[in-house]
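In case you want the letters, here they are:
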Amino acid sequence: MAHFFEGESHTFSEYLLVPGYSSHENVPQGVSLKTPLVKFRRGEHSALTMNIPLTSAVMQAVSGPRLAIALAQEGGISFIYQSQAPEQEAKMVREVKSYKAGFVVSDSTLTPSMTLADVLELRNRTGHSTMPVTEDGSAHGLFCGIVTSRDYRVSRDDPSKRVCEFMTPAQQCITAQEGTTLKAANDIIWDHKLNQLPIVDGEGRLVSLVFRKDYDSHKSLPNELLDEHKSYIVGAGINTRDYAERVPLLVEAGADVLCIDSSEGFSEWEKLTLDWIREHYGNTVKVGAGNIVDAEGFRYLAEAGADFVKVGIGGGSICITREQKGIGRGQASALIDVCRARDEYFEEAGVYVPVCSDGGIVYDYHMTLALAMGADFLMLGRYFARFDESPTRRLNVNGSYVKEYWGEGSARARNWARYDLGGDKRLSFVEGVDSYVPYAGPLKENVEGSLTKVRSTMCNCGALDLCELREKAKITLVSATSLVEGGAHDVILKESDSSTNFRS
Ligand code: XMP
């Protein structure tokens, strides 16, 4: 007889938090969102802690180096996607680890023979109005000049005009040599009234750029997540197929934590991967595993040695696994079950294995609910895909700006290793879609906005940190009718009022 889970399979929107008593000390400024990333023994601390409970999904459309840096600056961690060649993934990790705050490696570089039309297209796509020009168009090519919006007039100039005709050539640019400190670079910027300063090496190759506007923003990064060498913390995805080749490259590149990226992780493949890592690196390499959706799956991965366990099958915005295969579980029910198992395991074994809730966050309040239900941290794809820093194109579709966002199980990503059950190196059928998400601007201001709400709700629950939230939260299921009551209802909304769209 099949096993039937008690109750229904619920998701976040079916729950609400009932406020608890809050004292005068419960103010958002006093709330800590610190959370453990990897397992620890009773009485000890996690070797890796995040300052905010957010990680970005192991996805091509989400976690590239630029987003990883922006998220680490806010106190969270990205997992660079593994659906690419191991060398390429390691290169991205290295890019994050070698990033020096304030020194920006160009992600929109021109060649002298490109045209004004190319400049405008690139500006539209990336949102950058300052673009360096190098001989071969690469971020570290021979520096030829710089283009800013002051160098052309769209209404007057011919779109076929060549970049070399209107750029400020290298000979007229003030540059600084590689090795210049951030303070010295900023002094040059101020002394010469510049907006940006290209940094070049001894052979005249572009290394990075320092922007005047970044200097001020850099002073306001109280949560940034740095290692002991003052490099940003970054994670990297791995799979259960090529770990013997991929893991050494990622470790050498400096990845701080790994995560097995699999659509269904209650499998011997995951144990074999964890065994291999323990055999070759002991406990020095931290690695999370998943995804699972029940207590049995959690216990299997915890006992197999996972440093954290990731929950979620089919709840992601671009996922169609449930429709295609009929497997999965409502994200809230899965999370509640797994967090209970984590606490029981801690009681029995004295080892706390953090739980990550992966996918399905639509509203900011879903973040608070997931944390109240027991998640130590969250993984989000769609949420981060909307920001400037995600690696995908920004497009104008029907008059609105959107960013591209596609699933790892889509035909576009071709991430066979995430879905593979037998090693035939192809996606037998798709489990994800290719889509657009509304463009939302810079990561920093969005994350700050979301977490302000999380902190505020925590205060309503009388909680000043995430442990307290879990202990004190009172959670209730809501009926379909009370869901209607929760939104604006029985009023005629003014067209100009956009405040009813709280999706983040
Ligand atoms: P959100 O809702 O944040 O979800 O966009 C991101 C998570 O979805 C998972 N993922 C997929 N699941 N087919 C799936 O069934 C896919 O193509 C796919 N791509 C990503 C993944 O766990 C991610 O973190």
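Everything numeric here is computed off the predicted structure, so don't read it as measured data.

**Here's the deal with the overall build of the protein chain**
A tally of regular secondary structure across the protein chain gives 17 helices and 23 strands. For the protein chain, whose C-alpha radius of gyration is 24 Å, the value lies close to the compact-globule estimate of 23 Å for 504 residues. Its C-alpha atoms give the protein chain principal-axis dimensions of roughly 75 × 65 × 45 Å. Residue burial in the protein chain is summarised as follows: out of 504 residues, 52% are buried. When contacts within the protein chain are restricted to residue pairs at least 6 apart in sequence, those whose partners lie at least 24 apart make up 65%.

**Remarks on the confidence of the model for the protein chain**
A residue-level look at the protein chain finds 98% of positions with pLDDT of 70 or above and a mean pLDDT of 93. Reported confidences for the modelled complex are a pTM of 0.84 and an ipTM of 0.99.

**Notes on helix 3 (residues 116-126)**
Turn by turn, an α-helix covers 3.6 residues, leaving residues three or four places apart pointing in a common direction. Taken together, the buried positions of helix 3 are Leu 116, Val 119, Leu 122 and Thr 126. Along the axis of helix 3, the buried residues cluster in a sector spanning 120°; they form a single face. For helix 3, the elements touching its buried residues are strand 7 (131-134), strand 8 (143-147) and helix 4 (163-166). One or two residues past the end of helix 3 sits Gly 127, with phi positive at roughly 80°.

**What about helix 9 (residues 295-303)?**
What helix 9 keeps buried is the set Gly 297, Phe 298, Leu 301 and Ala 302. Down the axis, helix 9 shows its buried residues gathered within 130° of arc, on one side only. Of the exposed residues in helix 9, the ones pointing more than 90 degrees away from its buried face are Glu 296 and Glu 303. The inward-facing, buried residues of helix 9 contact helix 8 (268-281), strand 15 (287-292), strand 16 (308-311), helix 11 (331-349) and strand 18 (355-358). In the stretch just after helix 9, Gly 305 is the one whose phi turns positive, near 105°.

**A look at the site of the ligand**
Taken together, 24 residues lie near the ligand, and Cys 319, Thr 321, Asp 358, Gly 409 and Glu 431 sit nearest. Within the backbone of Gly 360, a nitrogen or oxygen atom sits 2.9 Å from an oxygen atom of the ligand. Take Tyr 405: an N or O atom from its side chain is 2.6 Å from an oxygen atom of the ligand. Relative to its unbound accessible area of 520 Å², the ligand is 96% covered by the protein chains.

**A short note on the nonpolar core**
Counting 107 residues, the largest nonpolar core has Leu 54, Leu 258, Phe 298, Leu 335, Leu 378, Phe 384 and Leu 469 as its most contacted members. If near-sequence neighbours (up to four positions away) are discounted, Phe 384 is found in contact with Leu 54, Thr 55, Ser 56, Val 62, Leu 67, Leu 71, Ser 390, Leu 443 and Val 447. Listed in part, the 12 residues of the second largest apolar core include Leu 116, Met 131, Val 163 and Met 167.

**With respect to the packing of helix 2 (residues 86-97) against helix 7 (residues 243-253)**
For the pair helix 2 and helix 7, the least separation of the axes is 8 Å and the interaxial angle reads 15°. It follows that helix 2 is roughly parallel to helix 7 by the angle criterion. As for how helix 2 packs across helix 7, the hand of that crossing is right-handed. Seen from helix 2, the contacting residues are Pro 86, Glu 87, Glu 89, Ala 90, Val 93, Arg 94 and Lys 97; seen from helix 7, they are Glu 245, Arg 246, Leu 249, Leu 250 and Ala 253. In terms of residue class, the contact of helix 2 with helix 7 is made up of 6 nonpolar, no polar and 6 charged.

**Observations regarding empty space enclosed by the protein**
Applying the stated rule across the entire model yields 1 cavity of 30 Å³ or more. Taken as a whole, the largest cavity encloses approximately 390 Å³ of empty space. Of all the secondary structure elements, the ones that give two or more residues to the lining of the largest cavity are strand 19 (377-380), helix 13 (382-385) and helix 14 (416-419). In terms of residue class, the lining of the largest cavity is made up of 12 nonpolar, 14 polar and 7 charged.

**Comments concerning the sheet that holds strand 22 (residues 434-438)**
Across the sheet, 3 strands lie side by side as 20-21-22; this open sheet has antiparallel pairing. Pairing within the sheet leaves two strands with one partner each, and these edge strands are strand 20 (394-397) and strand 22. Adjacent strand axes in the sheet meet at a mean angle of 50°, parallel and antiparallel pairs treated alike. For strand 20 and strand 21 (residues 400-406), the ladder comprises 4 bridges, and the chain directions are antiparallel. When the bridges of strand 21 are listed, Arg 394 appears paired with Lys 403.

**Here's the deal with the side chain of Thr 111**
Within the secondary structure layout, Thr 111 lies in the loop between helix 2 and helix 3. Leaving out residues up to four positions away in the same chain, Thr 111 has contacts with Val 133, Thr 134, Glu 135, Asp 136, Gly 137 and Val 163.

**Concerning the pattern of salt bridges**
Counted according to the given criterion, the structure contains 29 salt bridges. Between Arg 342 and Asp 343 there is a salt bridge whose closest N-O contact spans 3.0 Å. According to the relative accessible area criterion, Arg 342 is buried, its value standing at 1%. Its salt-bridge partner being Asp 376, residue Arg 342 comes within 2.7 Å of it at the nearest N-O pair. Of the two residues, Arg 342 sits in helix 11 while Asp 376 sits in the loop between helix 12 (364-372) and strand 19, which places them 34 residues apart along the sequence. When sorted by exposure, Arg 342 lands in the same class as Asp 376, which is buried. Salt bridges sharing common partners tie together Arg 342, Asp 343, Asp 376 and Arg 470.

**Here's the deal with the packing of aromatic side chains**
The tally for this structure, following the rule as stated, stands at 15 aromatic pairs. Judged by centre distance (6.0 Å) and plane angle (55°), the rings of Phe 79 and Phe 308 are tilted. Separated by 229 residues along the polypeptide, Phe 79 in strand 6 (residues 77-80) and Phe 308 in strand 16 bring together distant segments of the chain. The two residues Phe 79 and Phe 308 agree in class, both being buried. Ring geometry for Tyr 383 and Phe 384: centres 5.1 Å apart, planes at 85°, overall edge-to-face. For Tyr 383, a relative accessible area of 1% puts it in the buried group. Relative accessible area serves as the criterion here: at 0%, Phe 384 is assigned to the buried category. Among the aromatic residues, those joined into a cluster by ring pairs are Phe 40, Phe 346 and Tyr 352. The lysine or arginine in question, Arg 329, covers the ring of Phe 5, its NZ or CZ lying 4.2 Å from the ring centre.

Conventions and cut-offs
Residues numbered from 1 in each chain as written. Predicted model: local features only at pLDDT ≥ 70, side-chain atom pairs only at ≥ 80, totals over all residues. Heavy atoms only, no water. Helix = DSSP H or I, 4+ residues; strand = E, 2+ residues; numbered from the N terminus. Rg over C-alpha atoms; globule rule 2.2 N^0.38 Å. Buried < 20%, exposed > 50% of the residue type's maximum accessible area, 1.4 Å probe, protein only. Contact = heavy atoms within 4.5 Å. pLDDT = per-residue confidence, 0-100. Arc of directions from axis to C-beta. Near = heavy atom within 4 Å. Polar contact = N/O pair within 3.5 Å; in protein donor to acceptor, adjacent residues only side chain to side chain. Areas by Shrake-Rupley, 256 points an atom, 1.4 Å probe, with all protein chains shown as cover. Core = buried A, V, L, I, M, F, W, Y, C linked by side-chain atoms within 4.5 Å. Axes fitted to C-alpha atoms, helices over the stretch in contact; angles between N-to-C directions. Parallel < 35°, antiparallel > 145°, perpendicular 65-115°, else oblique. Left-handed = near helix turned anticlockwise from the far one by under 90°. Nonpolar A, V, L, I, M, F, W, Y, C, P; charged D, E, K, R; others polar. 1 Å grid on protein atoms, 1.4 Å probe; cavity = no way out; pocket = protein on both sides within 12 Å on 5 of 7 lines; lining within 4 Å. Points joined across faces, edges and corners; volume = space filled by probe spheres on them. Pairing = 2+ DSSP bridges. Salt bridge = Lys/Arg side-chain N within 4 Å of Asp/Glu carboxyl O. Phe/Tyr/Trp six-rings, centres within 6.5 Å; stacked < 30°, edge-to-face > 60°. Lys NZ or Arg CZ within 6 Å of the ring centre and 35° of its normal.

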